[in-house]
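Topology and contacts: notes
This is what each chain is made of:
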Amino acid sequence: MIIASQKKKENIIEYILYMWQIEDLIRANDLDMSKIDKYIISSYKQSEDVLLEIRDWWANLTEMMRLENKQSSGHLQININSLNDVHQLHLRLMKAPNEVAYQHLFNSVAATIKEFDTKTGGKLSNDIEICVTAIYSTFLLKLKQQEVSTQTEQAVKVLSKFLATLANKYKKDQEGDLDI
């Protein structure tokens, strides 16, 4: 909760990746709040009031996952909405006459995005989801101590640079400082 709200303000892409991790942690604990209390919430070093807020946050997300039938896979609608908001900004930037540098940056990663889209079977909804999924999938492979090719590592670096630029523009847009 504390980390999520900070990330949402500072870097929307990091926020989305973090929330996907939270979804997976909830799944890893079988959507069972007693396990989440024992293995996750107990590790927070906060006051009792803050711990109650943190627990409520985890419990709410867990219940949302049940209600949205996301027990085994998929993303919560709130996380899909965040991703879609970023994608909408991306589309606006791609049409903005004063965002030529951004458009060039996107065009430089377009082939990499297309390659990841092909590898995932074309089932993802937009370019931004493809980029975030590529980064998250690579993170999961490393977490499982599975091999990640040098080519994939390089592709993820390129996509990360692109998403960092987009996240910065998103923050400026949220603050009213983006002129497009």
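Described below are features of the structure shown in this document.

1. With respect to the pattern of salt bridges
Taken as a whole and assessed by the stated rule, the structure comprises 10 salt bridges. Across the pair E14 and K7 runs a salt bridge whose closest N-O atoms are separated by 3.4 Å. A relative accessible area of 39% places E14 in the partly exposed class. For R55, the salt bridge is made with D37, and the minimal N-O distance between the two is 2.9 Å.

2. Quick word on unusual backbone geometry
Of note in this structure, N69 is not a glycine but carries a positive phi near 55°. Since its relative accessible area comes to 59%, N69 is described here as exposed.

3. Overview of the packing of aromatic side chains
In the structure shown here, the tally under the stated rule is five aromatic pairs. On the basis of an interplanar angle of 85° and a centroid distance of 5.6 Å, the ring pair of W20 and Y136 is categorised as edge-to-face. Highlighted residues: W20 in helix α2 (residues 12–28) and Y136 in helix α7 (residues 127–143), separated in sequence by 116 residues. Like Y136, W20 is buried. With centroids separated by 5.7 Å and ring planes inclined at 55°, the aromatic side chains of F106 and F162 adopt a geometry described as tilted. Highlighted residues: F106 in helix α6 (residues 100–119) and F162 in helix α8 (residues 150–174), separated in sequence by 56 residues. On the basis of relative accessible area, F106 is assigned to the buried category, the value being 9%.

4. Describing a negative patch on the surface
Together, E48, D49, E53 and D56 make up a region of like negative charge exposed at the surface. Within the secondary structure, D49 sits in helix α4 (residues 48–67).

5. Quick look at the side chain of T138
Along the chain, T138 turns up in helix α7. Judged by relative accessible area, which is 5%, T138 ranks as buried. At 2.8 Å, the side chain of T138 forms a polar contact with the backbone oxygen of A134. Excluding residues within four positions of it along the chain, T138 makes contact with V148, T152 and V156.

6. Digging into the nonpolar core
Ranked by internal contacts, the top residues of the largest apolar core, which has 51 residues, are W58, V132, F162, L163 and L166. For this core, the elements supplying multiple residues, two or more each, are α2, α3 (33–39), α4, α5 (77–95), α6, α7 and α8. Here the element with the most residues in this core is α2; it accounts for 10 residues. Leave out the neighbours within four places in its chain, and V132 touches I13, I16, L17, W20, L83 and L163.

7. Examining the layout of surface pockets
In this structure, the largest pocket spans a volume of roughly 220 Å³. Along the walls of the largest pocket sit W20, H75, T120, K123, L124, E129, T133, Y136, S137 and L140, which together make up its complete lining. In terms of residue count, the dominant contributor to the lining of the largest pocket is α7 (five residues). Across the lining of the largest pocket, the residue classes break down as four nonpolar, four polar and two charged.

8. What to know about the side chain of Q103
Relative to the helices and strands, Q103 is located in helix α6. In contact with Q103, other than residues within four places in its own chain, are L93, M94, K95 and A96.

Conventions used here
- Residues numbered from 1 in each chain as written.
- Predicted model: local features only at pLDDT ≥ 70, side-chain atom pairs only at ≥ 80, totals over all residues.
- Heavy atoms only, no water.
- Salt bridge = Lys/Arg side-chain N within 4 Å of Asp/Glu carboxyl O.
- Buried < 20%, exposed > 50% of the residue type's maximum accessible area, 1.4 Å probe, protein only.
- Phe/Tyr/Trp six-rings, centres within 6.5 Å; stacked < 30°, edge-to-face > 60°.
- Helix = DSSP H or I, 4+ residues; strand = E, 2+ residues; numbered from the N terminus.
- Patch = residues over 30% accessible without salt bridge, like charges linked within 9 Å, V, L, I, M, F, W, Y side chains within 5 Å.
- Areas by Shrake-Rupley, 256 points an atom, 1.4 Å probe, with all protein chains shown as cover.
- Lys, Arg positive; Asp, Glu negative; His and termini not counted.
- Charge placed at Lys NZ, Arg CZ, Asp CG, Glu CD.
- Polar contact = N/O pair within 3.5 Å; in protein donor to acceptor, adjacent residues only side chain to side chain.
- Contact = heavy atoms within 4.5 Å.
- Core = buried A, V, L, I, M, F, W, Y, C linked by side-chain atoms within 4.5 Å.
- 1 Å grid on protein atoms, 1.4 Å probe; cavity = no way out; pocket = protein on both sides within 12 Å on 5 of 7 lines; lining within 4 Å.
- Points joined across faces, edges and corners; volume = space filled by probe spheres on them.
- Nonpolar A, V, L, I, M, F, W, Y, C, P; charged D, E, K, R; others polar.

Remember, this is a structural readout, not a statement about activity or role.
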